[in-house]
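So the chains spell out like this:
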Amino acid sequence: MASATSVALRKPEPSDAPLPGQRDEGAPGQDAAAGVGGDVTVTDPAMVKRAVKAAALGNAMEWFDFGVYSYIAVTLGKVFFPSGNPTAQLLSTFGAFAAAFLIRPLGGMVFGPLGDRVGRQKVLALTMIMMAAGTFAIGLIPSYASIGVWAPVLLLAARLVQGFSTGGEYAGASTFIAEYAPDKKRGFLGSWLEFGTLAGYIGGAGLVTLMTALLSSDDLLSWGWRIPFLIAGPMGLIGLYLRMKLEETPAFAAELEKAHRSEQTRAKVRLRDMVTGQWKALLLCMGLVLVFNVTDYMLLSYMPSYLTSELKYDETHGLLVILAVMALMMIAQPFMGALTDRVGRRPVIAAGCAGFFLLSVPALLLIRDGSLWAIALGLGALGMLLVCFTASMPSALPALFPTKVRYGSLSIGFNISVSVFGGTTPLIVTALIGATGDKMMPAYYMMAAAVIGGIAVWYMTESARKPLPGSPPAVETVAEARTMALRESR
């Protein structure tokens, strides 16, 4: 059961005693009694912090791998896809990168409904094991020179394991934090999930940059590239330990408690109901995820290769600039998350869409200028616009769906959109530049995504400072719960 206390919405009497495990003076509960139900959930601050840390660490490990794969793509192309054409090598490497995204919806269709049936915590522990195993396996694969065509085949197999497990990761982690967080802090707490993403990217980029600076090209090609992938093993064990120490979310526990009180077995929600029964929310989810992930992968995954392959920029300096942009985004992330709790998710996401539509071309022109300060300014502008999405989506997306189908429906909508539009971004943009010769294609692609995202924002409902659909209000203290009870009784 989740560590939370429920308080009924009734007019409090002066003689009301503190609830078990809670302090009456309004401070956050200490050693809160287990149990969820009733009309208000009083969250356990210690458990909320643990949930945020465990979810963010898992996301960091996942994106450490994706970041490493992107930043070392040129080297991986030489190891697994020998060819006299550098563009063909890069396309092959990004093709294997995109393949993991094509299987993500299948992972979402398996892990999402499973998370709604057996619990969020169990499924998140399972996805952590699979992610770590897939990443670690890449570091062990022999090169094409050693085993020929089996090298890219094994790489593809490892990427498919990663993609399948990732299908249940983001939706589960964002759902986990959203269902633990008090309503008034859901944006701030959810923003730490993408803080973990950026930390993973920075860890991957920093390690690749360090190796590029310290190792010769031959050493990097022969054995150095394996180091980042082998690190995933111990990282995965740490993340698994943290996730196994967590309890189930208050919202999911409330669903179980409800079924227990009525002496009924929880009705199994069919996959079809998660889609047809939520089709409007799914379309909104896919539109929001499209603009979020196209811009995310364009900046964090594609730009390092764009600077090196298309603009012939020095590889080490290009990685350092991206690293600095991500560090700036990490600093801004929790502040922007807190802003979404004050002004709402919709205004912040809308500002991001408008910014990408208006500034993508000027930013890319600065990047193409080639000078260090111009590149830093262009990438920095795109990074700050991206924070509008990274800080808002972890709290906005779970609020689109009711508790009983939240994990499943969000997994399906999120992963379909990521697979079709987000993960394929490097591959499609590289192919478009090769076909047209127009190196402004990244800007045009982001502008198109911004239009679609803007349409989704127009139709979405504001969720800031409101309970999640299907869940009671969640507050930090008993005093807040009683104040809410007093307001409701008037």
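A word on the nonpolar core. If you look at the biggest cluster of nonpolar residues, it comprises 113 residues, and the most contacted ones within it are Leu-379, Phe-389 and Leu-397. By residue number, the principal contributor to this core is helix α15 (residues 279-310), which donates 18 residues.

Moving on, we come to the state of the cysteines. For the coordinates displayed, the defined rule picks out 0 disulfides. We note that Cys-388 lacks a disulfide partner, and the nearest cysteine sulfur, in Cys-353, lies 8.8 Å from it.

What follows deals with the packing of aromatic side chains. Under the counting rule described, the total for this entry stands at 10 aromatic pairs. Ring geometry for Tyr-170 against Phe-414: centres 4.4 Å apart, planes inclined by 10°, an arrangement best described as stacked. Taken together, the residues Tyr-170 in helix α8 (residues 169-180) and Phe-414 in helix α20 (residues 406-422) connect sequence positions 244 residues apart. One exposure class covers both Tyr-170 and Phe-414, and it is buried. Judged by centre distance (5.6 Å) and plane angle (45°), the ring pair of Tyr-302 and Tyr-306 falls under tilted.

Regions with low pLDDT carry predicted coordinates that are not meant to be interpreted in detail. Of all residues in the chain, 86% have pLDDT values of 70 or greater, and the mean over the chain is 83. Segment residues 8-38: pLDDT under 50, and 73 contacts once partners within four positions in sequence are set aside and those in other chains are kept.

What follows is about empty space enclosed by the protein. Gaps between atoms show up when a probe of the same size as a water molecule is rolled over them. Inspection of the entire model under this criterion finds 4 cavities of 30 Å³ or more. One number sums up the size of the largest cavity: a volume of about 90 Å³. Lining of the largest cavity is provided by 12 residues; of these, Glu-179, Ala-251, Ser-471, Pro-472 and Ala-474 occupy positions nearest its centre. Per-element accounting of the lining of the largest cavity gives the leading share, 3 residues, to helix α13 (residues 250-261). Here the residues of the lining of the largest cavity are counted per class, giving 7 nonpolar, 2 polar and 3 charged.

Each value, and the rule that gives it
Residues numbered from 1 in each chain as written. Predicted model: local features only at pLDDT ≥ 70, side-chain atom pairs only at ≥ 80, totals over all residues. Heavy atoms only, no water. Core = buried A, V, L, I, M, F, W, Y, C linked by side-chain atoms within 4.5 Å. Buried < 20%, exposed > 50% of the residue type's maximum accessible area, 1.4 Å probe, protein only. Helix = DSSP H or I, 4+ residues; strand = E, 2+ residues; numbered from the N terminus. Disulfide = S-S within 2.5 Å. Phe/Tyr/Trp six-rings, centres within 6.5 Å; stacked < 30°, edge-to-face > 60°. pLDDT = per-residue confidence, 0-100. Contact = heavy atoms within 4.5 Å. 1 Å grid on protein atoms, 1.4 Å probe; cavity = no way out; pocket = protein on both sides within 12 Å on 5 of 7 lines; lining within 4 Å. Points joined across faces, edges and corners; volume = space filled by probe spheres on them. Nonpolar A, V, L, I, M, F, W, Y, C, P; charged D, E, K, R; others polar.

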